[in-house]
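# Observations on the model geometry
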Amino acid sequence: MSVEAALLLPVALALIALLVQPACVLYTRSVMAATAGELARLSLTLRGGEEELREFALRRLRAVPDLSIFHEGGERGWEIVCTGPDEQGAVCVSIEGRVRPLPLLGSLVAALGTSEGSSVAVRVEATCDIRASWVGGSYEEWIGIWG
């Protein structure tokens, strides 16, 4: 093995690690954001309990591999909070999970989220309104129009 190859191999592996870790975190965030949006829309129309909403979210979050660079803690590692709908018809959903970065990139990934020990919190929020802002009048006024 030549001296150039001995130097090039660690540099190439470090560059691959620099590309893989952010891709894993961004994949996890995108799945979480899609799940939060779907959960917000579902909670506006669902007449079931909060346990059904959690099961729906966990089913969607199973798309994230159960590896520490994507997510750690399994199904118990997800914190899912769904509030609303309130009197204005707004729903807010937040999903939080934990990622353990690769040892080389721990300080870089810690800058993306709140670090707690060896893991980094990744949090996504979504809000949704049951009624569009451009719709005017109350429910009684709309009923009165159609007699």
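Residues numbered from 1 in each chain as written. Predicted model: local features only at pLDDT ≥ 70, side-chain atom pairs only at ≥ 80, totals over all residues. Heavy atoms only, no water.

Further remarks concern the nonpolar core. Membership of the largest hydrophobic core comes to 27 residues, with the highest contact counts inside it found for Met 32, Leu 39, Leu 61, Trp 78, Ile 80, Val 93 and Ile 95. Within the residue set of this core, elements represented by two or more residues are α1 (3–45), α2 (50–61), β1 (79–83), β2 (90–99) and β4 (119–129). When residues of this core are assigned to their parent elements, the largest contribution, eight residues, is made by α1. Each residue touching Ile 80, except ones within four places of it in the same chain, is listed here: Leu 39, Arg 54, Ala 57, Leu 58, Leu 61, Ser 94 and Ile 95. (Core = buried A, V, L, I, M, F, W, Y, C linked by side-chain atoms within 4.5 Å. Buried < 20%, exposed > 50% of the residue type's maximum accessible area, 1.4 Å probe, protein only. Helix = DSSP H or I, 4+ residues; strand = E, 2+ residues; numbered from the N terminus. Contact = heavy atoms within 4.5 Å.)

The next point concerns the side chain of His 71. As for its placement among the helices and strands, His 71 is situated in the loop between α2 and β1. Given the relative accessible area of 4%, His 71 is considered buried. Reaching out from His 71, the side chain makes a polar contact with the side chain of Trp 78 at a distance of 3.5 Å. Other than its neighbours up to four places away in sequence, His 71 contacts Val 64, Pro 65, Asp 66, Gly 77, Trp 78, Gly 97 and Arg 98. (Polar contact = N/O pair within 3.5 Å; in protein donor to acceptor, adjacent residues only side chain to side chain.)

Across all of its chains, the model carries one aromatic pair by this definition. Seen from their ring centres, Tyr 27 and Phe 70 are 6.1 Å apart, and the 85° between their planes marks the pair as edge-to-face. Of this pair, Tyr 27 sits in helix α1 while Phe 70 sits in the loop between α2 and β1, and the two are 43 residues apart along the sequence. Note on Tyr 27: relative accessible area 34%, which makes it partly exposed. (Phe/Tyr/Trp six-rings, centres within 6.5 Å; stacked < 30°, edge-to-face > 60°.)

Structurally, Gly 73 is set in the loop between α2 and β1. For the pair Gly 73 and Arg 98, spaced 25 residues apart in sequence, the C-alpha separation works out to 7.6 Å.

Scanning the model with the defined rule gives four salt bridges in all. Ionic pairing is found between Glu 38 and Arg 60, a salt bridge with its closest N-O pair at 2.7 Å. With Glu 38 in helix α1 and Arg 60 in helix α2, this residue pair connects regions lying 22 residues apart in the sequence. Judged by its relative accessible area of 36%, Arg 60 is partly exposed. Residue Glu 96 pairs with Arg 123 through a salt bridge whose shortest N-O separation is 3.4 Å. Taken together, the positions of Glu 96 in strand β2 and Arg 123 in strand β4 put the pair 27 residues apart, joining distant regions of the chain. Judged by relative accessible area, which is 43%, Arg 123 ranks as partly exposed. (Salt bridge = Lys/Arg side-chain N within 4 Å of Asp/Glu carboxyl O.)

With that settled, the discussion passes to the pairing of β2. With respect to burial, β2 is a largely interior element, eight of its ten residues being buried. Pairing geometry for β1 and β2, over five bridges, is antiparallel. Within β2, the position partnered with Val 81 by the bridge is Ser 94. Counting the residues in the hairpin turn of β1 and β2 gives six residues, including Gly 84, whose phi is positive at 110°. Both β2 and β4 contribute to a ladder of ten bridges, which runs antiparallel. Counterpart to Val 93 in the pairing with β4 is Ala 126. (Pairing = 2+ DSSP bridges.)

Okay, a nonpolar patch on the surface next. A cluster of nonpolar residues, Leu 7, Val 11, Leu 15 and Leu 18, forms a patch on the protein surface that exposes about 370 Å² of accessible area. Secondary-structure assignment places Val 11 in helix α1. (Patch = residues over 30% accessible without salt bridge, like charges linked within 9 Å, V, L, I, M, F, W, Y side chains within 5 Å. Areas by Shrake-Rupley, 256 points an atom, 1.4 Å probe, with all protein chains shown as cover.)

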